[in-house]
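Residues per chain are reported as follows:
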Protein chains: 2
Amino acid sequence: MKTVPRMPGAREVPSAATLKHVAERAGVSPITVSRALNKPAMVSADLRDRVRLAVDELGYVQNRVAGALASASSPVIPVVVPSLSNAVFVETIQGIQEVVQRAGFQLLLGNTEYDLDREHAWISTFLGWSPPGLILAGTRHQPRTRALIERWGRPVVEIMEVGAKPIDMNVGLSHGAAGAAMARHLLERGHANLLFAGCRIAEDYRAGQRFRGFDRALASFGAARRPPLTRNVPSSPALGGDMLVEALRLDPPPGAIFYANDDLAVGAILRAQREGIAVPGRVAIAGFNGLDISGLVTPGLTTIVSPRRAIGRIGAEKLLGAIEVGSPKVRRVDVGFELIVRGST
Amino acid sequence: MKTVPRMPGAREVPSAATLKHVAERAGVSPITVSRALNKPAMVSADLRDRVRLAVDELGYVQNRVAGALASASSPVIPVVVPSLSNAVFVETIQGIQEVVQRAGFQLLLGNTEYDLDREHAWISTFLGWSPPGLILAGTRHQPRTRALIERWGRPVVEIMEVGAKPIDMNVGLSHGAAGAAMARHLLERGHANLLFAGCRIAEDYRAGQRFRGFDRALASFGAARRPPLTRNVPSSPALGGDMLVEALRLDPPPGAIFYANDDLAVGAILRAQREGIAVPGRVAIAGFNGLDISGLVTPGLTTIVSPRRAIGRIGAEKLLGAIEVGSPKVRRVDVGFELIVRGST
DNA sequence: CTGAAAGCGCTTACAG
DNA sequence: CTGAAAGCGCTTACAG
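Residues numbered from 1 in each chain as written. Chains lettered and ligands numbered in written order. Predicted model: local features only at pLDDT ≥ 70, side-chain atom pairs only at ≥ 80, totals over all residues. Heavy atoms only, no water.

Caption draft 1: Quick look at the overall build of chain A. Scanning chain A for helices and strands turns up twelve helices and twelve strands. A globule of 345 residues ought to have a C-alpha radius of gyration of about 20 Å, yet chain A, at 26 Å, is considerably larger. Dimensions of chain A along its principal axes, counting C-alpha atoms only, are 85 × 40 × 40 Å. Looking at chain A as a whole, 52% of its 345 residues are labelled buried. Summarising the internal contacts of chain A: among those between residues at least 6 apart in sequence, 67% fall at separations of at least 24. Accessible surface computed for chain A: about 14500 Å², of which carbon and sulfur atoms make up 52%. Separation between the mean location of the 41 positive side-chain charges and that of the 31 negative ones in chain A comes to 3 Å. (Helix = DSSP H or I, 4+ residues; strand = E, 2+ residues; numbered from the N terminus. Rg over C-alpha atoms; globule rule 2.2 N^0.38 Å. Buried < 20%, exposed > 50% of the residue type's maximum accessible area, 1.4 Å probe, protein only. Contact = heavy atoms within 4.5 Å. Areas by Shrake-Rupley, 256 points an atom, 1.4 Å probe, with all protein chains shown as cover. Lys, Arg positive; Asp, Glu negative; His and termini not counted. Charge placed at Lys NZ, Arg CZ, Asp CG, Glu CD.)

Caption draft 2: Representation of the packing of aromatic side chains within the structure. All names here are of chain A. In the structure shown here, the tally under the stated rule is eleven aromatic pairs over all chains. With centroids separated by 6.1 Å and ring planes inclined at 55°, the aromatic side chains of Phe196 and Phe214 adopt a geometry described as tilted. Of the two residues, Phe196 sits in strand S6 (residues 194–199) while Phe214 sits in helix H9 (residues 205–220), which places them 18 residues apart along the sequence. A network of ring pairs unites the aromatic residues Phe196, Phe211, Phe214 and Phe258 as a single cluster. A cation sits over an aromatic face here: Arg210 above Phe288, 4.0 Å from the ring centre. (Phe/Tyr/Trp six-rings, centres within 6.5 Å; stacked < 30°, edge-to-face > 60°. Lys NZ or Arg CZ within 6 Å of the ring centre and 35° of its normal.)

Caption draft 3: Looking closely at the nonpolar core. Counting residues in each nonpolar core, the largest one holds 94 residues, and the members touching the most others are Ile159 and Phe214 of chain A together with Ile159 of chain B. Among residues more than four places away in sequence, those in contact with Ile159 of chain B are Thr92, Ile96, Ile135, Leu136, Ala137, Gly138, Val171, Ile311 and Gly315 of chain B. Counting 52 residues, the second-largest nonpolar core is a separate cluster that includes Ala247, Ala272 and Val297 of chain A together with Val283 of chain B. (Core = buried A, V, L, I, M, F, W, Y, C linked by side-chain atoms within 4.5 Å.)

Caption draft 4: Looking closely at the environment of Pro82 of chain A. All names here are of chain A. Note that Pro82 resides in the loop between strand S1 (76–81) and helix H5 (87–102). Remark: the alpha-carbon pair of Pro82 and Asn232, spanning 150 residues in sequence, is separated by 16 Å. When near neighbours in sequence (up to four residues on either side) are disregarded, Pro82 contacts Phe89, Asn111, Thr112, Glu113, Tyr114, Ala137 and Arg206.

Caption draft 5: Highlighting the pairing of strand S2 (residues 106–111) of chain A. Residue and element names in this part refer to chain A. With six of six residues buried, S2 is to be regarded as a mostly interior element. Side chains Gln106, Leu108 and Gly110 project from S2 onto one buried face, and the interleaved Leu107, Leu109 and Asn111 project onto a second face that is buried too. Pairing geometry for S1 and S2, over six bridges, is parallel. Among the inter-strand pairings, Pro78 is bridged to a residue of S2, identified as Leu108. As a crossover connection, the stretch from S1 through H5 into S2 is right-handed. (Pairing = 2+ DSSP bridges. Right-handed = clockwise from strand over helix to strand, strands pointing away.)

Caption draft 6: Representation of helix H3 (residues 45–58) of chain A within the structure. The terminal C-alpha atoms of H3 of chain A, which comprises 14 residues, lie 20 Å apart, in line with the 20 Å expected from a rise of 1.5 Å per residue. Looking at the buried positions of H3 of chain A, the neighbouring elements they touch are helix H1 (19–26) and helix H2 (30–38) of chain A. (Expected span 1.5 Å × (residues − 1).)

Caption draft 7: View of the sheet that holds strand S8 (residues 256–259) of chain B. Residue and element names in this part refer to chain B. Strands sit in the order S7-S6-S8-S9 across an open sheet of four strands; the sheet is parallel. Pairing within the sheet leaves two strands with one partner each, and these edge strands are strand S7 (229–231) and strand S9 (284–286). The mean inter-strand angle of the sheet, taken between neighbouring strand axes irrespective of direction, is 15°. For strand S6 (residues 194–199) and S8, the ladder comprises four bridges, and the chain directions are parallel. When the sheet's bridge partners are listed, Phe196 is paired in S8 with Phe258. Contacting S6, S7, S8 and S9, helix H10 (residues 237–248) crosses the sheet at an angle of about 140° to S7. (Axes fitted to C-alpha atoms, helices over the stretch in contact; angles between N-to-C directions.)

Caption draft 8: Here's a closer look at the interface of chain B and chain A. Between chain B and chain A, the contact holds 55 residues from the first and 55 residues from the second. Summed over both partners, the interface of chain B with chain A comes to about 4700 Å²; 61% of that surface belongs to carbon and sulfur atoms. Applying the counting criterion to the chain B and chain A interface returns zero salt bridges. Taken together, chain B and chain A are joined by 19 residue pairs in polar contact (both at pLDDT 80 or more). A per-element tally of the side of chain B that touches chain A places helix H4 (residues 64–71) of chain B first, with seven residues. In terms of residue class, the side of chain B that touches chain A is made up of 30 nonpolar, 19 polar and six charged. (Buried area = accessible area lost by both parts, 1.4 Å probe. Salt bridge = Lys/Arg side-chain N within 4 Å of Asp/Glu carboxyl O. Polar contact = N/O pair within 3.5 Å; in protein donor to acceptor, adjacent residues only side chain to side chain. Nonpolar A, V, L, I, M, F, W, Y, C, P; charged D, E, K, R; others polar.)

Caption draft 9: Structural detail: the environment of Ala260 of chain A. Residue and element names in this part refer to chain A. Positionally, Ala260 belongs in the loop between strand S8 (256–259) and helix H11 (262–275). With relative accessibility at 2%, the residue Ala260 sits in the buried group. Separated by 172 residues in sequence, Ala260 and Val88 have C-alpha atoms that sit 13 Å apart.

Caption draft 10: Seen up close, the relation of the copies chain B and chain A. Each copy superposes on the other: chain B lies on chain A with an RMSD of 0.0 Å after a rotation of 180° and an axial shift of 0.0 Å. Those values place the two copies in the arrangement expected of a two-fold rotation axis. (Least-squares fit on C-alpha atoms with pLDDT ≥ 70 in both.)

Caption draft 11: Structural context of the packing of helix H4 (residues 64–71) of chain A against H4 of chain B. Contact geometry for H4 of chain A and H4 of chain B: axes closest at 9 Å, N-to-C directions at 135°. One element, H4 of chain A, and the other, H4 of chain B, form an angle in the oblique class. Handedness of the H4 of chain A/H4 of chain B crossing: left-handed. Residues Val65, Ala66, Ala68 and Leu69 of chain A of H4 of chain A form the contact with H4 of chain B, whose participating residues are Val65, Ala66, Ala68 and Leu69 of chain B. (Parallel < 35°, antiparallel > 145°, perpendicular 65-115°, else oblique. Left-handed = near helix turned anticlockwise from the far one by under 90°.)

Caption draft 12: Focus on the pairing of strand S4 (residues 156–161) of chain A. All names here are of chain A. Burial analysis of S4 places six of its six residues in the buried class, which makes it a mostly covered element. With four bridges joining them, strand S3 (residues 134–137) and S4 adopt parallel strand pairing. Within the sheet, the bridge partner assigned to Leu136 lies in S4 and is Glu158. Handedness of the crossover joining S3 and S4 through helix H7 (residues 143–152) is recorded here as right-handed. Sheet topology places S4 next to strand S5 (residues 169–173); five bridges connect them, and they run parallel. Its bridge partner lying in S5, Met160 is registered against Gly172.

Below you can see the structure in the form of structure tokens.
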């Protein structure tokens with residue numbers, strides 16, 4: 001392989017074909033090659049074919065970095081999420097991926113592990129890539145993060161929950177309303193001493209919003225309220241089972257448990273089954289998210305379906321729309337939720 | 001906000017602080033600012049502090065694109081996987097993320113949906129980002145893809161299965177050996193008429209390797225062999241249940257079913273429970289992957305644990321090692337697997 | 001430990 | 001529909 005000579009600004013790297021080489025081979029200018037590749041409609045069919053041929057012959061791979069520097073915009077969409085352990089975020093990312101990939105963008109993924117300092121670091125790094133827009137899970141950020149994004153000035157979509165004042169656009173659902181809906185359902189079913197159980201509900205503040213919506217609804221119905229049962233480790237089915245056992249030792253024992261998510265709730269049902277705890281006879285169990293497996297356990301899990309794939313898709317579509325034609329009229333989309341009642345309550 | 005004047009090569013964009021602005025403010029040269037940020041050890045503590053201060057005052061965000069172009073290398077690690085629906089790849093990605101993030105790299109994620117044309121497209125695009133290395137799930141690629149990567153010449157790790165001839169480095173396990181181990185176990189338990197059940201085992205060729213290892217082992221033990229039960233849709237717990245029902249209608253009905261993965265197998269156990277099918281009395285059930293939930297269903301699922309998080313971690317570590325100090329001696333790591341015997345067999 | 005010069009490989013308006 | 005010139009914001013060796 002050829003190497004470029006050592007000169008100021010040069011590095012010792014096998015020299016790959018560049019636009020210039022393709023242009024020479026096709027007998028056109030580099031500009032024409034650039035257009036044939038990026039805006040084929042602007043180039044005559046004849047030249048387009050000659051360029052295509054030269055590209056194939058040379059095995060030319062476009063240098064996206066140079067393109068991004070020259071155009072001050074990269075074909076990437078950064079997505080910042082708080083966790084990958086939770087299937088919800090993975091499915092949301094899939095929804096985003098579906099849409100942005102079709103539009104020729106790549107996904108840059110940042111995982112904050114529910115740490116707002118890390119969120120700031122990710123966003124700051126990502127902005128250095130000159131992306132045309134940004135997708136963030138959540139509406140809670142540090143003030144400096146918000147300031148950074150606002151100064152930056154390009155389109156942003158905050159997804160998952162609908163929040164008080166979005167930075168730009170916002171797609172999600174009301175977790176407070178979801179919690180309230182579950183409280184009403186459990187009371188209507190005649191359960192008493194309702195308990196909320198979740199993990200890290202300070203960091204996972206959407207779970208906290210569900211708890212507060214749940215708790216306020218209990219108050220409004222005049223039902224007994226109690227503090228949530230919490231653990232400071234990530235959710236898992238095994239933990240949901242442990243928390244069930246712990247909850248049943250409380251005095252009075254809960255007549256129903258509303259788990260912060262289906263991972264926990266499914267684990268509770270499996271544990272109940274294993275230990276012969278009657279559900280919902282002794283204790284009713286409900287979850288949140290509507291994971292596929294919630295319908296397969298016995299009894300089936302009553303849960304609330306969060307349309308997370310749709311959140312990803314709609315969020316990405318709004319972002320792409322704003323990138324292409326400027327920010328839209330509708331800044332907020334509440335995708336709602338659906339209560340699915342099954343045997344567990 | 002200020003905008004730059006319209007000139008050839010310039011775009012109408014609010015002008016953000018650049019290295020030059022930071023340099024002016026700190027009273028040093030841009031080179032020094034670059035070093036203070038990227039190689040702080042090369043700069044005196046005094047200048048480092050002045051630069052830091054200027055950076056904060058101006059809210060300077062490093063332009064990674066320009067840095068990548070100048071240095072012919074981006075701080076990104078592209079990762080190409082065949083699916084995100086499968087928890088296995090998500091956990092592998094988490095293992096990779098853990099390691100590369102600590103080293104200051106970002107993850108570029110490509111999902112091929114088990115389509116090798118899309119794999120080629122992703123890799124081709126990713127190479128245009130000048131990454132220092134590449135992580136690919138799988139060892140099967142189109143010849144043109146292999147040629148592209150080999151010409152490129154930087155470190156590559158192929159993960160998931162140990163394959164015949166890695167492009168560069170390889171971390172995974174032998175899926176054939178895993179299939180054989182499960183066949184031996186089921187035969188030792190006295191089960192007969194063993195059946196393999198999976199989805200899309202042509203595209204998901206690692207599942208195919210498990211089947212072939214399983215099938216060859218049956219042959220070597222003189223046990224009855226039969227074609228696999230397959231479906232041409234993605235795996236899911238619900239589908240595993242359906243396939244159980246279908247399998248039991250075969251003549252002769254299987255004494256044990258080895259599912260291609262735990263998603264299917266867990267679904268089969270839940271369905272068996274719901275329909276009162278005795279496991280393992282009427283039919284034994286086994287899976288592959290060792291998902292957490294496999295230990296929580298009743299009966300517990302016999303499965304093979306694939307150390308996927310470790311595969312991600314080790315793969316990323318090998319890649320970073322090769323990026324820093326050149327390709328290592330050990331090109332292949334077989335991480336092995338573990339058979340976990342529970343009540344379902 | 002610090003700096004001046006050159007260059008990375010593209011794309012952007014403008015003119016034709 | 002096509003092209004010449006300038007510039008994007010950094011980093012790389014080299015010299016001091």
